[in-house]
Every structure is written in C-alpha cells, then in structure tokens.
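Structural overview for review
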Amino acid sequence: MPSPLDRTFAFFSDAHNLERITPPFVGFRILTPAPIEIGVGTLIDYRLKLRGVPIPWRSEITRWDPPHGFVDEQRRGPYRKWIHEHRFRAEDGGTRVEDHVTYAVPGGALVDRRFVRPKLERIFGYRRRAISEILGSQPRLRERAGQPAGAMRARTT
C-alpha cells in the first residue's frame, strides 16, 4: 500500500474499519460498541451471514505489536479453528500488508476446497481492493512467492 506504516496500522487497529473492507455478501456487522480499545485480550463480537443465516463470531486479540502486526483468533464462530495474523512492514515508501490465516472447517478438506477456500479468496480479494482504495491508490501487484502483495496466505489444519 502507498500509505505509511503508522497510518496503515492505525486503520487496521480500528476494528470498525473491518466492515468497510468486507464484501456486502458476507453480511458482516460488528456488534461490540465503539470505541473498542485494542490490545491483548480484547474480545470483539461480530455477526456474519452464511447462506442468509446469521452466525455469531467472537474473536480475541492474542498478540498486539504496533505498528508491525497483531493476531486475532476465533473464540466462537463458524470455523473449528481460525487464527488470523496481520503483518505490516515499511517497504518502498509505503507499507506491505500481509494476512496469514490458519483455519480448519467442519467437514474437512473437501468442504474447504469446494466451498470455503473459494469464498475466502473472494473475500480477501475484495478486502485488498477496498484497502487500496481507502488508503489512497490502486494496488501495486508485485509478485512475491507467487502471490500479489497483500494476498491472503492460508493454511488449513
């Protein structure tokens, strides 16, 4: 992103910005009232929709390292496991934003491959474009390890 590290991290440290970078088809809403003071142990409640059915989601911030990153982990929600590491580093006058997600779904690999992974790729693609628009320019798509900058890297367990 062309945005400086401190500005980029400030954007991500405001949990209410998550609604702005999540595609409408997810039906995502933050239920925890503002302001949300973020730090290790912070719990945030959300709601999303899966095939029109409201699903509660609670995450906990388990690592907080401003301005370099943080980790949120699902405590209640649709996944058997969800650990989302957000990484930020100054690069080329802007900030490299990386999402590393480790997750597991009910139903295992077949359900993941046919239903979950394609939807997550769509969500994170939307997220990349929205962040780029909000923070000031079109995405710079430089290939690194075979993925565009800012792409989600997922590992299932």
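For the structure itself, look to the data block above.
Each residue is numbered by its place in its chain's sequence as written, counting from 1. Where totals are concerned, whole chains, interfaces and linings use all residues; where local detail is concerned, this predicted model gives features only for residues with pLDDT of at least 70, and gives and counts side-chain atom pairs only at 80 or more. The side-chain values count all of the structure's non-hydrogen atoms but skip hydrogen atoms and water molecules.

This part covers the layout of surface pockets. Lining residues are defined by having an atom within 4 Å of a point belonging to a cavity or pocket. Those points lie on a 1 Å grid over the protein atoms alone, cavities being sets where a 1.4 Å probe fits but cannot get out and pockets being open sets with protein on both sides within 12 Å along at least five of seven lines. Grid points are joined across faces, edges and corners, and a volume is the space filled by probe spheres set on the points. The computed volume of the largest pocket comes to approximately 960 Å³. In this structure, the largest pocket is lined by 40 residues; those nearest its centre are Leu 48, Trp 57, Tyr 79, Trp 82 and Ile 123. By definition, any uninterrupted DSSP run of H or I lasting at least four residues is a helix, any uninterrupted run of E lasting at least two residues is a strand, and each is numbered from the N terminus. Counting only elements with at least two residues in the lining of the largest pocket, the list comes to α1 (5–12), α2 (17–20), β2 (43–50), β3 (53–65), β4 (69–76), β5 (81–91) and α3 (108–134). A per-element tally of the lining of the largest pocket places α3 first, with 8 residues. In terms of residue class, the lining of the largest pocket is made up of 28 nonpolar, 6 polar and 6 charged. Basically, the charged four are Asp, Glu, Lys and Arg, the nonpolar ten are Ala, Val, Leu, Ile, Met, Phe, Trp, Tyr, Cys and Pro, and anything else, Gly included, counts as polar.

Here a salt bridge means any side-chain nitrogen of Lys or Arg lying within 4 Å of a carboxyl oxygen belonging to Asp or Glu. Tallied over the entire structure, the rule returns 10 salt bridges. We note a salt bridge from Glu 60 to Arg 75, for which the minimum N-O separation is 2.7 Å. Separated by 15 residues along the polypeptide, Glu 60 in strand β3 and Arg 75 in strand β4 bring together distant segments of the chain. When a residue's accessible area, from a 1.4 Å probe over protein chains only, is under 20% of the maximum for its type it is buried; when over 50% it is exposed; and in between it is partly exposed. On the accessibility criterion, Glu 60 (21% relative accessible area) is partly exposed. Among the charged side chains, a salt-bridge network with shared partners connects Arg 63, Asp 65, Glu 85 and Arg 87.

This paragraph deals with α3. Bending is quantified residue by residue as the angle between axes fitted to the seven-residue window ending at that residue and the seven-residue window starting at it. A maximum bend of about 45 degrees is found in α3 at Val 116, where proline Pro 118 lies one to four positions downstream. Within α3, burial applies to Asp 112, Val 116, Leu 120, Ile 123, Phe 124, Gly 125, Arg 127, Arg 128, Ala 130, Ile 131 and Ser 132. Looking one or two residues past α3, Gly 136 carries a phi angle of roughly 120 degrees, positive in sign.

This brings us to α1. For α1, the complete set of buried residues consists of Leu 5, Thr 8, Phe 9, Phe 11 and Phe 12. End-on view of α1: buried residues confined to an arc of 155 degrees, all on one side of the axis. In the core, the buried residues of α1 are packed alongside α2, β3, β4, β5, β6 (94–104) and α3. Throughout, the arc means that of the directions going from the helix axis to the C-beta atoms. Residues count as neighbours in contact if any of their non-hydrogen atoms are within 4.5 Å of one another.

Aromatic rings from Phe, Tyr and Trp, with only the six-membered ring used for Trp, were paired whenever their centres fell within 6.5 Å, and each pair was classed as stacked if the ring planes differed by under 30 degrees, edge-to-face if by over 60, and tilted otherwise. Going through the model one piece at a time under the given rule, you end up with 13 aromatic pairs. Between Phe 11 and Phe 12, the ring centres sit 5.5 Å apart and the planes meet at 85 degrees, which makes this aromatic pair edge-to-face. Overall, the relative accessible area of 8% leaves Phe 11 in the buried class. We classify Phe 12 as buried; its relative accessible area is 10%.

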